[in-house]
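# Per-entry structural report
Chain by chain, the residues:
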Amino acid sequence: MLQQNWKIDPTHSEIQFKVRHMMISTVTGNFGSFDATLDSDADFTNANIRFEADIDSISTGVADRDGHLKSADFFDAANYPKLSFQSTRFEKVSDDEFVLEGDLTIRDVTKNVKLSVEYGGTLLDPYGQTKAGFELAGKINRKDFGLTWSAVTEAGSIVVSDEVKLLLNVQLVKQAVAETV
């Protein structure tokens, strides 16, 4: 059986999260430095996916907020410089839909998460590289991962929601094909 090896194309991929602020609006953030690989059969079945992001690359567009997210109140980048994900299951639901499960580690806490995956297709780009596109979405509870900072306004509103939406738009570049036994 042919094994396909893919690597994320960081210039054509986005790793985002969304969190409700004051329960009336949403703040979007992203990680600017990340790496991922995917090893799979030709149709992406039995995929083994590894991902990590550098906490210091977090950006919400507001330097003070980014600094707070990197602090011990949230990600604690000084002690936990990366978050990581290792797949445990990648199941094909239809021609363009998959379910991805795996272990997400933030700080020193690892929890199983489930993401829905939409396959955008595979093509040969103008430079002769085979590329595949995926959009992933899911939700986690930040407090499950030790990101427990909380505040309440004078009116009783929660400042930061516990629920975090994950949105990843990923383009992969095929690396090599190797014969497996």
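First things first, this report covers the structure right here in the doc. (Residues numbered from 1 in each chain as written. Predicted model: local features only at pLDDT ≥ 70, side-chain atom pairs only at ≥ 80, totals over all residues. Heavy atoms only, no water.)

By the secondary structure assignment, Asp 125 is in the loop between β9 (109-124) and β10 (130-141). Judged by its relative accessible area of 11%, Asp 125 is buried. A distance of 2.8 Å separates the side chain of Asp 125 from the backbone nitrogen of Tyr 127, its partner in a polar contact. (Helix = DSSP H or I, 4+ residues; strand = E, 2+ residues; numbered from the N terminus. Buried < 20%, exposed > 50% of the residue type's maximum accessible area, 1.4 Å probe, protein only. Polar contact = N/O pair within 3.5 Å; in protein donor to acceptor, adjacent residues only side chain to side chain.)

For the rest of this paragraph, the subject is the nonpolar core. Note on soluble globular proteins: their nonpolar side chains tend to be buried together. Of all hydrophobic cores here, the largest spans 43 residues; its most connected members are Phe 31, Phe 75, Leu 83, Phe 90 and Phe 134. Ranked by the residues each element gives to this core, the list is headed by strand β11 (residues 160-179), at six residues. When sequence neighbours within four positions are dropped, the list of residues in contact with Phe 31 reads Ile 15, Phe 17, Ala 53, Asp 54, Ile 55, Ser 57, Ile 58, Phe 75 and Leu 83. (Core = buried A, V, L, I, M, F, W, Y, C linked by side-chain atoms within 4.5 Å. Contact = heavy atoms within 4.5 Å.)

Moving on to the environment of Leu 104. Along the chain, Leu 104 falls in strand β8 (residues 97-106). Accessibility expressed as a relative area gives 8% for Leu 104, which makes it buried. For the pair formed by Leu 104 and Asp 43, sequence separation is 61 residues and the distance between their alpha carbons is 24 Å. If we skip the residues at most four places from it in the chain, Leu 104 touches Leu 83, Ser 84, Phe 85, Val 109, Thr 110, Lys 111, Val 113, Ile 140 and Phe 145.

In this structure, Phe 44 is a non-glycine residue whose phi angle is positive, near 75°. Mapped onto the elements, Phe 44 comes out in the loop between β4 (34-40) and β5 (48-54). Classification of Phe 44 by relative accessible area gives buried; the value is 4%. One non-glycine residue with positive phi stands out, namely Asp 76, at about 55°. If you trace the backbone, Asp 76 turns up in the loop between α1 (63-70) and β7 (82-94). The exposure class of Asp 76 is buried, given its relative accessible area of 10%.

Right, let's talk about the pattern of salt bridges for a bit. Overall, the coordinates contain 11 salt bridges when judged by the stated rule. With a shortest N-O distance of 3.5 Å, Asp 125 and Lys 131 are connected by a salt bridge. Judged by its relative accessible area of 10%, Lys 131 falls in the buried class. Close ionic contact of Arg 142 with Asp 162 constitutes a salt bridge, the shortest N to O distance being 3.7 Å. Here Asp 162 lies in strand β11 and Arg 142 lies in the loop between β10 and β11, a separation of 20 residues in the sequence. (Salt bridge = Lys/Arg side-chain N within 4 Å of Asp/Glu carboxyl O.)

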